[in-house]
Amino acid sequence: MDRAKQGDVRGSITAGADFLQLDVGEAPPGGRAAWLAGRLRAAIADGRVPVGARLPASRVLAVELGVSRGVVTEAYQRLTEDGHVVGRGRAGTVVVATPAAVVHRAPAPRRPPEVFADRPDTTVFDALRTAPAELDLTPGVPDLAAFPRAAWLRAERAVLHRLAPADFGYGDPSGTPALRFAVATWLARNRGIRVDPAEVVVVAGVSQALGLLAQLLHADGVSTVAVEDPGSLGVRQHLNNWRLDTPPVAVDAQGLRVDELAAGGAPAVMLTPAHQFPTGVVLDGDRRRALLRWAERGGLVIEDDYDAEHRYDRPPVPALRGMLPDRVCYTGSVSKLLAPALRIGWVLVPPRLHADLVAVKRMADLGNAALPQLVLAELMASGALERHLRLLRHRHVRRRDAMIRAVRAHLPGAVVHGAAAGLHLLVTLPGDLDDTALAAAALRRGVKVQPLSWHAQRPQPPGLVLGYAANPPHHIERALATLGAARQTLP
C-alpha cells in the first residue's frame, strides 16, 4: 500500500464488520437506531472513537450491519443532537465532542443543598455551578459541545502562519485592529449599528465592561444605575460590587416601564431591550421612543445585548445604540454564541467617554490576549461564525420546542414566556408555590434550575428560569419530568 493510501486509512475509521464489533442481533426489536446510537456514544466516551475521527459513511455501515440506511442515519442524527458529531458533507460525519460523564446517584434523601439555603450572595452562581447534578438547565449556558473546534483550529493556523514576531508584543489596550474591524462589521450586519472600528473596545466579557463603565460613572459623579425588575441577579451583583446602587424598575409585557424610570430620578439605567432577561419580552416601539426621549434629557443607557443573535420566531430587533449613539453604552460578547471561556466581548461608549474608557482599560490589564482576538476575527471575516450561528439556530429551535412540550406535560398550569428568542425560557407557576424550594427539591434529584425570585428585587409570581441550549431533547424531557415530580412533593 502506498503512503497516500496509508495516511487516508489512518485519518478515518475503517468501515466493515469489525467496526466496534457491532452485532445488530443485540438490538431490541424496533430499537435498532437507539441501540446503534448508544453503542457509538459509548465508544466516543471511552476513546475508541476519538474526537476528530470520521464515522463510517451511513451507506457503508448500513450494508455491513445488514440494516436500512435510515437506521444509521437516525443514529447519527441522535449523536448530532447530542452535540457529539457534526456532518461535514464530503468530509463525512466527524466526532467533535465526548459525552459528559454521567454520575448516577442513589435516590436516597439528602441534606438540602446550601446553594438555596439563604438569599443568594455573590458566591451563589459558583455554588450552583459546582453542585453535583446529572442534568443542568442553568440559563445562559450555550451548547458548549457545538463549539466549532475544527473551524477554530483552521483559523488559528491561518493566523499563526501570517503573524510577525512584533505581533506577539504589547498591543493596543482597545484590542487588536483586526477584531475591532470584524466586530464593527458584525454589528453593522447583524445589529444595525454603524460604528467606526476605532470606537470598539475589546473587553473580557460583559462583566469587565460593567466594571470599566462603573469607573467612568463614578468619575462623572454617578452612583446609581437603575435596573430591570425582574432582571439579572449577576448583573446587579457586578454593579453593586463597584459601589453602584441598583434601584428596580418594573418590566411588563412591553418591556421596561420608562415612566417609572423617569419618576425614580436615576441618572442611568441598564437594560436588555432586545430580549429581556429573564422574561424574554422585547422593548416595544413606544417604550423605545420614550426611553430615547429620557436619554436625550440627560439620562445614560447601558444596553446589554447578551443574546440578541439567537432569535427564531420574530424579526430582528435593532439595537438602541444605533438610534442614539451619544447617550447609549453598548455591550456584547461571544459568551452565548461560542463559549464563556473565551472571555471576549466588546463595549461602545458615547464619543465623549471613549478616551476615558481606553485609559481605564489600559490600567486594568494592558489589553486582552491578542491571539484569541485574532482567531475570532478570522472566524468572523471568513463567514465561519455566521455559519455556526445558523447551525445553532436550527438546533435551538428543536430544543426549545422540546422544552415547551415537556413543560406542558409535566408542569400543568405553567405559563411559558420568552420563547421567540434566546437560550432560556421563563416558566411562571400557578399558586403561591415557593420557587426557591422547588429549585432546591429539583437539585436534590439531580437537576439544576434557577428560581425567578433570585432575579427579582420585588415580589414576583413564582417561576423558574430554564436554559435549553446545552441539552438534547431527551435530556430536557427527563429534566422536566424530574421537576414535575419534585413539584408534587411541595405543599
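Residues numbered from 1 in each chain as written. Predicted model: local features only at pLDDT ≥ 70, side-chain atom pairs only at ≥ 80, totals over all residues. Heavy atoms only, no water.

Enquirer: Run through the sheet that holds strand β12 (residues 415–417), naming residues and quoting values.
Expert: To summarise the sheet geometry, strands pair through backbone hydrogen bonds and adopt either a parallel or an antiparallel arrangement. Strand order in the open sheet formed by four strands is β12-β13-β16-β15, with antiparallel pairing between adjacent strands. Looking at which strands have only one partner, the edges of the open sheet turn out to be β12 and β15 (450–451). (Pairing = 2+ DSSP bridges. Helix = DSSP H or I, 4+ residues; strand = E, 2+ residues; numbered from the N terminus.)

Enquirer: Summarise helix α11 (residues 285–296); cite the residues concerned and give the values.
Expert: Here α11 spans 17 Å end to end across twelve residues, near enough to the 16 Å set by a 1.5 Å rise per residue. Those residues of α11 lying buried are Arg 287, Arg 288, Ala 290, Leu 291, Leu 292, Trp 294 and Ala 295. Residue Asp 284 occupies the N-cap position of α11, its side-chain oxygen lying 3.4 Å from the main-chain nitrogen of Asp 286. Gly 298 sits one or two positions beyond α11 and adopts a positive phi of about 125°. (Expected span 1.5 Å × (residues − 1). Buried < 20%, exposed > 50% of the residue type's maximum accessible area, 1.4 Å probe, protein only. Polar contact = N/O pair within 3.5 Å; in protein donor to acceptor, adjacent residues only side chain to side chain.)

Enquirer: How would you summarise the packing of aromatic side chains if you had to cite specific residues and measurements?
Expert: How two aromatic rings sit relative to each other is set out by the distance from centre to centre and by the angle between their planes. Under the definition given, this model contains four aromatic pairs. Seen in terms of ring centroids, Phe 147 and Trp 152 are 5.7 Å apart; in terms of plane orientation they differ by 50°. Their pairing is tilted. Given the relative accessible area of 16%, Phe 147 is considered buried. Trp 152 sits in the buried class, given a relative accessible area of 11%. (Phe/Tyr/Trp six-rings, centres within 6.5 Å; stacked < 30°, edge-to-face > 60°.)

Enquirer: Residue-level account of the pairing of strand β13 (residues 424–428), with values.
Expert: Across the five residues of β13, five count as buried, placing the element largely inside the fold. Of the two faces of β13, the one carrying His 424, Leu 426 and Thr 428 and the one carrying Leu 425 and Val 427 are both buried. Both β12 and β13 contribute to a ladder of three bridges, which runs antiparallel. Considered in β13, the bridge of Val 415 is made with Thr 428.

Enquirer: Tell me about the packing of helix α2 (residues 32–45) against helix α4 (residues 69–82), and please be specific about residues and values.
Expert: At a minimum axis distance of 8 Å, the contact between α2 and α4 shows a crossing angle of 50°. Taken together, the axes of α2 and α4 are oblique relative to one another. Considering only the axes of α2 and α4, their crossing is right-handed. Across from Arg 32, Ala 33, Ala 34, Leu 36, Ala 37, Leu 40, Arg 41 and Ile 44 in α2, the residues of α4 making contact are Val 71, Val 72, Glu 74, Ala 75, Tyr 76, Arg 78, Leu 79 and Asp 82. (Axes fitted to C-alpha atoms, helices over the stretch in contact; angles between N-to-C directions. Parallel < 35°, antiparallel > 145°, perpendicular 65-115°, else oblique. Left-handed = near helix turned anticlockwise from the far one by under 90°. Contact = heavy atoms within 4.5 Å.)

Enquirer: How would you sum up a positive patch on the surface? Please name residues and give values.
Expert: A surface patch of like charges, here positive, comprises Arg 88, Arg 154, Arg 157, Arg 387 and Arg 390. Residue assignment for the positive patch shows that the elements contributing at least two residues are α6 (149–162) and α14 (384–410). Along the chain, Arg 88 turns up in the loop between β1 (85–87) and β2 (93–95). (Patch = residues over 30% accessible without salt bridge, like charges linked within 9 Å, V, L, I, M, F, W, Y side chains within 5 Å. Areas by Shrake-Rupley, 256 points an atom, 1.4 Å probe, with all protein chains shown as cover. Salt bridge = Lys/Arg side-chain N within 4 Å of Asp/Glu carboxyl O. Lys, Arg positive; Asp, Glu negative; His and termini not counted. Charge placed at Lys NZ, Arg CZ, Asp CG, Glu CD.)

Enquirer: Which residues make up α6, and what values do they have?
Expert: If you check α6, its first and last C-alpha atoms are 20 Å apart, about what 14 residues at 1.5 Å a residue would give, namely 20 Å. Listed as buried for α6 are Ala 151, Trp 152, Ala 155 and Val 159. Along the axis of α6, the buried residues cluster in a sector spanning 100°; they form a single face. Every exposed residue of α6 that faces more than 90 degrees away from the buried side is listed here: Arg 154, Arg 157 and His 161. Each element contacted by the buried residues of α6 is listed here: α13 (370–382) and α14. (Arc of directions from axis to C-beta.)

Enquirer: Can you lay out the sheet that holds strand β6 (residues 248–252) for me, pointing to particular residues and giving the numbers?
Expert: Overall, mixed pairing links the eight strands, which are arranged β4-β11-β10-β9-β8-β5-β6-β7 in an open sheet. The open sheet has two free edges, formed respectively by β4 (201–203) and β7 (255–256), since each of these has just one partner strand. Bridge count between β4 and strand β11 (residues 345–348): three bridges; the pairing is antiparallel. The residue bridging Val 203 from the neighbouring strand is Gly 345, located in β11.

Enquirer: I'd like to hear about the pattern of salt bridges, residue by residue, with values.
Expert: Within this structure, the stated rule accounts for 22 salt bridges. Here Lys 361 ties to Asp 365 by a salt bridge, and the two come within 2.8 Å at their closest N and O atoms. Of this pair, Lys 361 and Asp 365 are both found in helix α12 (residues 351–365), four residues apart, which corresponds to roughly one turn of the helix. Relative accessible area serves as the criterion here: at 0%, Lys 361 is assigned to the buried category. A single network of salt bridges, built from pairs that share partners, joins Asp 143, Arg 395 and Arg 399.

Geometric values such as these leave the question of function open.
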